[in-house]
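# Breakdown of the fold
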Amino acid sequence: MIKKIIYHSVFFSFLTHKKVFGAESGGMPQLDPEFWVSQIFWLTITFGILYVVLSKLILPKISSNLESRKSQISDNIEAADKQRKESDAKLKEYEEIITKSKIEAKNIFNQAREKVLKDINAKRDVLDKQIDEEIVKAENEINKLRKDAPIKINKIAIETASELTQKLIGAEVNNSSISAIVDDLSKRNGDKYYGN
Amino acid sequence: MAANPMTQFEVYRIGPEIKIGAFDISFTNASLFMVVSSLAILIIFNLGSKKNSLLPNKLQLLAELSYTFITKMISDTAGSKAKPYFAFIFSLFMFVLFCNMFGMIPYSFTVTSHIIVTFILAAFIFIGVTIIGFIKHGFGYLRLFVPSGVPAVLLPLIVVIEIISYLSRPVSLSVRLFANMMAGHTMMKVFGGFVISLGIVGGWLPLSFSVALTGLEILVAFLQAYVFAILTCIYLNDALNLHH
């Protein structure tokens, strides 16, 4: 009995549905079941093929493309980093070399200057010594000359005086007496001429 | 007849009638646009993945951006466990998107404006997600219907509501897409009809509406494809990571 009612209700509902579809066939074509099976069939086919081709062929390729690009970029970044570090090290090395050579150059310059100064000093010392010696020699000579000068002058004065007196008076005068007079004069006036 | 805004949704046979048993599986305009959409997707993504250059060209960029977009969407909503279903969600999103977009071309046919198409997709997702849930959690999957932290008095009511909401998922999923596409296209057709009937004098207002609606519909076409895909992800998330 219940079964019968259920069957009836299903049957009637189906009939009324048919009527509804019939009434709306001019309204909503979506509710017309004529091509439902066809749409399901073609949807399954097209979507199935789309899914299979995308998942098996295309998406793995895109994924690997993305991966390879990622790894390539990270590789490049790594390489760039490495090279930068290397260049930094090189730069440091270069700077070290520069400072080292600067210090070396300074040392060499200082050494050279010291050597030159030493040379100059030594030469100047030698020259000073020589000059001193020369001066001493000259002074000695001058002193000697100065010491000898009064004697020579006295002698000249004696001779001149004796000759003068001979010419003037015509008489021979004793040289010894003249020399005594000259000595006496020179002693008196020596201070005036020689300063000692 | 052309003024009837529903004519654009009519399905008609292209070529001969094909029958398997009692079932009519003839090639129709709907089938044609399914094939066209699928082919367009395959061609674009095949060209976009053919060459692997460090600086991608436009197609490659498009393919890779779509790939990362969907990957991010899945990982954001369903977590890392949903990775095996990436290809399915990708094809689903692309199929719905391309069907919607091809529907925007005048005189074309919108596959997704038919409830049967969207319902089959939604039902497939619903059944698939339910099977995945039972495989992953066994009968523990039924805990989905028992939210934690609910007073024992309210529990029977809550469970009933949860079951109803779970069972209505395929309906809401399919009707959302179908109704959006149908309503949009009907409205555009109606405004287009107004342009003709009001003529050169008064037709400018509905024409400007039509232009604005076209922009809106393109937005809706993308948005609905996105919503369809993201809801699939959310259902998948329920099945993979039982939160309740």
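All values reported here derive from a predicted model rather than from experimental measurement. (Residues numbered from 1 in each chain as written. Chains lettered and ligands numbered in written order. Predicted model: local features only at pLDDT ≥ 70, side-chain atom pairs only at ≥ 80, totals over all residues.)

## Observations regarding the overall build of chain A
Helices and strands together make up the secondary structure of chain A, namely 3 helices and 0 strands. Mapped in sequence order, the helices and strands of chain A form the string α-α-α. (Helix = DSSP H or I, 4+ residues; strand = E, 2+ residues; numbered from the N terminus.)

## Structural notes on the interface of chain A and chain B
Counting residues at the interface gives 30 residues for chain A, matched by 35 residues for chain B. Of the residues that constitute the side of chain A that touches chain B, the class distribution is 19 nonpolar, 9 polar and 2 charged. (Contact = placed C-beta atoms within 7 Å. Nonpolar A, V, L, I, M, F, W, Y, C, P; charged D, E, K, R; others polar.)

## Some remarks on the nonpolar core
Side chains of a nonpolar character, in soluble globular proteins, are inclined to be buried together. Residues B:Ala30, B:Ile89, B:Phe93, B:Phe95, B:Val96 and B:Leu236 are the most contacted members of the largest nonpolar core, which totals 60 residues. Listing elements by their share of this core, those giving two or more residues are α2 (36-169) of chain A together with α1 (29-50), α2 (58-78), α3 (86-103), α4 (115-137), α6 (169-202) and α7 (204-240) of chain B. Considering every element that reaches this core, the biggest residue donor is α3(B), with 11 residues. Leaving out residues up to four positions away in the same chain, B:Phe93 has contacts with B:Ile70, B:Ala225 and B:Ala229. (Core = buried A, V, L, I, M, F, W, Y, C linked by C-beta atoms within 7 Å. Buried ≥ 20, exposed ≤ 12 C-beta atoms within 10 Å, placed from the backbone.)

## Side note on the packing of α1(B) against α3(B)
Residues and elements named next belong to chain B. Where α1 contacts α3, the two axes come as close as 9 Å, and the packing angle between them is 120°. Relative to α3, the element α1 lies oblique. For the pair α1 and α3, the sense of crossing is right-handed. The segment α1 lies against α3, with Phe33, Val36, Ser37, Ser38, Ala40 and Ile41 engaging Met94, Phe95, Phe98, Cys99 and Phe102. By residue class, the composition of the contact of α1 with α3 is 9 nonpolar, 2 polar and no charged. (Axes fitted to C-alpha atoms, helices over the stretch in contact; angles between N-to-C directions. Parallel < 35°, antiparallel > 145°, perpendicular 65-115°, else oblique. Left-handed = near helix turned anticlockwise from the far one by under 90°.)

## Overview of α4(B)
In a regular helix each residue adds 1.5 Å, so 23 residues correspond to 33 Å; α4(B) covers 32 Å between its end C-alpha atoms and thus fits that length. Within α4(B), burial applies to B:Ile115, B:Ile116, B:Val117, B:Thr118, B:Phe119, B:Leu121, B:Ala122, B:Ile125, B:Phe126, B:Val129 and B:Gly133. Its buried side turned inward, α4(B) meets α2 of chain A together with α6 and α7 of chain B. One or two positions beyond α4(B), positive phi appears at B:Gly138, with a value near 65°. (Expected span 1.5 Å × (residues − 1).)

## Focus: the confidence of the model for chain B
Residues and elements named next belong to chain B. Taken over all residues, the pLDDT of chain B has a mean of 90, while the share at 70 or more is 98%. Put simply, strand β1 (residues 19-20) is where chain B has its lowest mean pLDDT, 83, and α3 is where it has its highest, 95. Reported for the predicted complex are a pTM of 0.71 and an ipTM of 0.90. (pLDDT = per-residue confidence, 0-100.)

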